[in-house]
Amino acid sequence: MMQASRRQVLGGAVLAAGAALVPGVAFAMPGPTAAIIADPTLPAGRLAAGHVRKGAMPLSEQGNDLGGLFYGKGAPWLSDGRMLAGVTGYSGMVLAQGIAREQGRDFRLIADGSDAPQPVADLFAAMGEGRGTAFVWVMG
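From a predicted model like this one, the values you see are computed outputs, not experimental measurements. Numbers given for residues are sequential positions, taken from 1 along each chain in its written order. In view of the model being predicted, local features appear only for residues whose pLDDT reaches at least 70, and side-chain atom pairs are presented and counted only at 80 or more, with totals across whole chains, interfaces and linings using the full set of residues. Based on all heavy atoms of the structure, the side-chain values leave hydrogens and waters out of the count.

## Side note on the overall build of the protein chain
No. 1: In this description a helix means any DSSP run of H or I spanning at least four residues, a strand means any run of E spanning at least two, and both kinds are numbered starting from the N terminus. When helices and strands are counted, the protein chain shows 5 helices and 5 strands.
No. 2: In the protein chain, the succession of helices and strands from N to C terminus is α-β-α-β-α-β-α-β-α-β.
No. 3: The burial tally for the protein chain puts 49% of its 140 residues in the buried class.
No. 4: For the protein chain, restricting intrachain contacts to residue pairs at least 6 apart in sequence, the fraction spanning at least 24 positions comes to 72%.
No. 5: Using a 1.4 Å probe, accessible areas were evaluated by the Shrake-Rupley method; residue-level cover was limited to the displayed protein chains. Accessible area for the protein chain stands at about 6,700 Å²; split by element, carbon and sulfur atoms hold 55% of it. The buried label goes to any residue with under 20% of its type's maximum accessible area, the exposed label to any with over 50%, and the partly exposed label to all in between, with areas taken from a 1.4 Å probe on protein chains only. The contact rule is simple, with two residues in contact once any of their heavy atoms fall within 4.5 Å.

## What to know about the packing of helix α2 (residues 43-54) against helix α5 (residues 120-127)
No. 1: Two elements in contact, α2 and α5, have axes separated by 9 Å at closest approach and are oriented at 125°. Overall, the two elements α2 and α5 adopt an arrangement that is oblique. As for how α2 packs across α5, the hand of that crossing is right-handed. Between α2, through A44, L47, A48, H51 and V52, and α5, the contact on the second element is made entirely by D122, L123, A126 and M127.
No. 2: Basically, the charged four are Asp, Glu, Lys and Arg, the nonpolar ten are Ala, Val, Leu, Ile, Met, Phe, Trp, Tyr, Cys and Pro, and anything else, Gly included, counts as polar. Per-class residue counts for the contact of α2 with α5 are 7 nonpolar, 1 polar and 1 charged. Fitting a line to C-alpha atoms yields each axis, with helices limited to the stretch in contact; the angle taken between N-to-C directions then spans 0 to 180 degrees. If an angle is under 35 degrees, it is roughly parallel; if it is over 145, roughly antiparallel; if it lies from 65 to 115, roughly perpendicular; otherwise it is oblique. Take the far helix as the reference: if the near one is turned anticlockwise from it by less than a right angle, the crossing is left-handed, and if turned clockwise, right-handed.

## Considering the pairing of strand β5 (residues 135-139)
As a general feature of sheets, a regular strand has side chains that alternate between the two faces.
No. 1: Burial analysis of β5 places 5 of its 5 residues in the buried class, which makes it a mostly covered element.
No. 2: Two strands are said to pair when DSSP picks up at least two bridges between them. The pairing of strand β3 (residues 84-88) with β5 spans 5 bridges and is classified as antiparallel. Its bridge partner being in β5, A85 is matched across the sheet by V138.
No. 3: Across 4 bridges, the pairing between strand β4 (residues 107-110) and β5 is antiparallel. Bridge pairing in β5 places L109 opposite W137.

## What to know about the sheet that holds β5
No. 1: With mixed pairing, the 5 strands of this open sheet are ordered in space as β2-β1-β3-β5-β4. Looking along the sheet, the strands with just one partner apiece sit at the ends: β2 (59-61) and β4. Taking the axes of each pair of neighbouring strands and ignoring which way they run, one obtains an average angle of 20° across the sheet.
No. 2: Sheet analysis places strand β1 (residues 35-38) next to β3, joined by 4 bridges and oriented parallel. Directly across from A35, in β3, lies its bridge partner L84.
No. 3: Where α2 meets the sheet, it contacts β1, β2 and β3, and its direction lies at approximately 150° from that of β2.

## Considering α5
No. 1: Among the residues making up α5, those that are buried are V120, A121, L123, F124 and M127. Down the axis of α5, the sector holding all buried residues measures 160°, keeping them to one side.
No. 2: Of the surrounding secondary structure, the elements contacted by the buried residues of α5 are β1, α2, β3, β4 and β5.
No. 3: A positive backbone phi angle near 50° is found at G128, which sits one or two residues after α5. Here the arc refers to the set of directions running from the helix axis out to each C-beta atom.

As structure tokens, then:
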């Protein structure tokens with residue numbers, strides 16, 4: 001599993017998520033559809049949530065408590081093995097990375113959408129330039 005260093009992640013935020021932090025994401029999506037975790041306190045999170053509501057993917061709006069989703073009374077699909085994609089701030093991304101490591105799952109940052117699995121690539125495109133300093137990640 002490749003991990004982004006703190007320096008790479010912060011550099012990516014400064015460059016508005018422009019640098020390719022982790023290339024070559026290739027997640028297969030067998031089983032249930034992907035699910036999205038979006039932080040509605042971020043413009044990109046609101047854009048992502050709006051896009052997801054138009055489609056058929058499950059959505060959970062994280063707010064400031066990503067840990068509560070996984071360890072509290074979060075949606076049951078958080079633990080059924082499906083691919084999860086997140087649009088969060090730095091702290092949400094770090095917490096998601098730790099949860100993925102704890103669960104033995106892959107974790108990748110998506111820098112520009114070109115290496116994103118479907119339907120995350122569509123989600124990324126729907127956010128357009130509104131991404132700002134949000135981090136888009138995939139847990140598989």
